[in-house]
Amino acid sequence: MATPPSTPRAVDVELGARRYPIHIGPGLLDDALRLAALAPGRHVLIVSDANVAPHYLARVEAAFAGKRVASHILPPGEQEKTLARFGELMTALAALGASRDATLIALGGGVIGDMTGFAAACWMRGVRFVQLPTTLLAMVDSSVGGKTAVDLPEGKNLVGAFHQPSAVIADTATLATLPDRELRAGLAEVIKYGALGDAAFFDWVQANAPALLDRDTDALAHAIATSCAHKAGIVARDEAETGERMLLNLGHTFGHAIEAEQGFGGLVHGEAVAVGMVLAARLSAELALAPAADTERLVAALHALGLPTAVPEGLDPDALLARMRLDKKNLSGTLRLILWRGIGQAFVATGIDEAAVRGVLARG
Ligand SMILES: NC(=O)c1ccc[n+]([C@@H]2O[C@H](COP(=O)([O-])OP(=O)(O)OC[C@H]3O[C@@H](n4cnc5c(N)ncnc54)[C@H](O)[C@@H]3O)[C@@H](O)[C@H]2O)c1
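Residues numbered from 1 in each chain as written. Predicted model: local features only at pLDDT ≥ 70, side-chain atom pairs only at ≥ 80, totals over all residues. Heavy atoms only, no water.

1. Considering the domain arrangement of the protein chain
We count it as follows: Domain extents, as shown, originate in an automatic or database domain assignment. Contacts: residue pairs with any heavy atoms within 4.5 Å of one another. Buried area adds together the accessible area that both of two parts lose upon being put together, with accessible area traced by a 1.4 Å probe. Any carboxyl oxygen of Asp or Glu within 4 Å of a side-chain nitrogen of Lys or Arg constitutes a salt bridge here. Each polar contact in these results corresponds to two N or O atoms within 3.5 Å; when the atoms are within protein, one needs to be able to donate a hydrogen and the other to accept it, and residues that are neighboring in sequence are counted only if both atoms are side-chain atoms. Secondary structure elements follow DSSP: runs of H or I no shorter than four residues count as helices, runs of E no shorter than two count as strands, and numbering proceeds from the N terminus.
According to the domain assignment, the protein chain contains domain 1 (9–177) and domain 2 (180–363). Centre-to-centre separation of domain 1 and domain 2, based on C-alpha positions: 25 Å. Listed as interface residues are 33 residues of domain 1 and, on the opposing side, 35 residues of domain 2. Taken over both partners, the interface formed by domain 1 and domain 2 buries close to 2,800 Å², and the fraction arising from carbon and sulfur atoms is 64%. If you look at where domain 1 meets domain 2, you find 5 salt bridges. For the salt bridge of K147 with E241, the shortest nitrogen-to-oxygen distance reads 2.5 Å. Joining domain 1 to domain 2, the criterion identifies 12 residue pairs in polar contact (both at pLDDT 80 or more). Of all the secondary structure elements, the ones that give two or more residues to the side of domain 1 that touches domain 2 are β1 (9–15), β2 (18–25), α5 (136–142), β7 (147–152) and β8 (155–162). Top contributing element to the side of domain 1 that touches domain 2 by residue count: β1, with 6 residues.

The following block contains the structure:
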């Protein structure tokens with residue numbers, strides 16, 4: 001699969017009568033008219049974090065000049081995705097006097113997007129919000145599809161709502177300031193789309209790993225647009241995650257357990273997903289559902305992207321398993337996991353034998 005040249009791209013998310021656009025391209029945050037049109041009401045609350053705001057907040061604020069605008073800047077990091085920070089956003093909306101036609105703007109990575117979206121879902125029982133993702137992970141995954149949440153110490157994303165954004169504007173020029181580690185974490189979610197349902201895209205990502213790590217504009221634009229098209233299609237077919245959408249959680253049940261067990265301060269989300277995908281592949285092979293060779297192909301591709309593939313030292317398999325039992329996909333107390341029959345062939349597996357899962361965690 002060749003890499004098409006980079007031009008601004010658009011992918012629509014269609015949900016019955018509702019639809020919203022994802023715009024992808026360099027310099028979109030400089031388009032003040034496009035941004036201004038996204039907030040038809042009088043009040044705008046921009047939420048960002050302390051790493052992102054110094055680079056990009058001023059131009060976003062300027063786009064909404066003439067409205068009642070407030071900005072709320074949070075400390076960066078997953079450990080901030082809390083009910084307490086969510087409470088701060090409610091207070092900021094009250095201080096702004098935000099009415100039901102208010103718009104919330106999420107300027108940042110998935111942490112800011114998830115939290116701002118949840119605030120928008122709750123303020124006055126639901127107001128508009130717009131995603132301005134600035135990490136690769138947020139551009140390819142978290143900004144699209146309307147899942148919003150905050151974490152509890154007991155687990156990831158346990159408090160949240162489905163609430164779709166009105167638009168997603170992914171300015172790929174913002175990736176220039178993204179740290180390398182976060183770029184790699186985003187690539188884990190990119191290759192996930194190949195791993196779960198598109199073997200040709202998996203091969204393309206692996207073959208183009210050097211270009212992607214080098215931030216080649218065409219390669220990144222193609223990776224983002226293809227990922228968004230996959231996500232938009234899946235969300236359109238299963239918005240409430242009763243079936244196919246669960247496949248997007250490939251690697252996530254394992255990954256979330258690792259993140260929570262590390263107190264949300266160890267592996268970043270994309271890295272944990274990379275390890276989780278390897279564990280899901282290994283479990284699939286051990287249960288004779290998939291060839292072991294595909295696990296090794298996955299490990300090689302993740303290594304090429306500079307991602308971890310093993311459970312971090314010192315984590316207790318029983319503690320991880322206990323965390324996995326709290327996953328939202330589980331039903332009636334039995335584990336439900338995304339496994340695969342090989343690259344590009346993920347499926348939802350129920351009633352998994354816990355001893356087998358523990359074994360995979362222990363061998364890590
Ligand atoms: N809602 C969904 O469907 C969904 C899907 C996947 C992941 N998520 C969530 O997304 C979160 C992870 O998102 P993330 O990886 O974007 O993490 P993040 O929001 O923590 O961002 C990663 C780091 O990069 C910094 N940063 C962001 N953009 C930058 C830029 N352009 N330049 C410099 N620094 C920048 C941030 O300050 C942060 O330190 C997790 O909480 C995960 O649960 C949600």
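2. Observations concerning unusual backbone geometry
Residues other than glycine predominantly adopt negative phi, and peptide bonds predominantly adopt the trans conformation. Cut-off, in case you're wondering: Three exposure classes are used, based on accessible area relative to the maximum for each residue type with a 1.4 Å probe and protein chains only: buried under 20%, partly exposed in between, and exposed over 50%.
Residues other than glycine seldom take positive phi values, yet M124 does so here, at roughly 50 degrees. Mapping M124 onto the fold places it in the loop between α4 (110–122) and β6 (128–133). A residue is classified by how much of its surface remains accessible, and M124, at 36% relative accessible area, is partly exposed. In this structure, A288 takes a positive phi of about 60 degrees despite not being glycine.

3. Some thoughts on the packing of aromatic side chains
When we look at a pair of aromatic rings, we describe it by the centre distance and by the angle of the planes. Quick note on the threshold: Note on ring pairs: Phe, Tyr and Trp rings are taken, using the six-membered ring of Trp, and paired if centres are within 6.5 Å. Classes follow the plane angle, with under 30 degrees stacked, over 60 edge-to-face and the rest tilted.
Applying the stated rule across the entire model yields 2 aromatic pairs. Measuring from centroid to centroid gives 5.8 Å for F201 and W204, while their planes differ by 5 degrees, and the two rings are stacked. In this pair, F201 and W204 both sit in helix α7 (residues 199–207), 3 residues apart, roughly one turn of the helix. For the pair F201 and W204, a shared accessibility class is recorded, and that class is buried.

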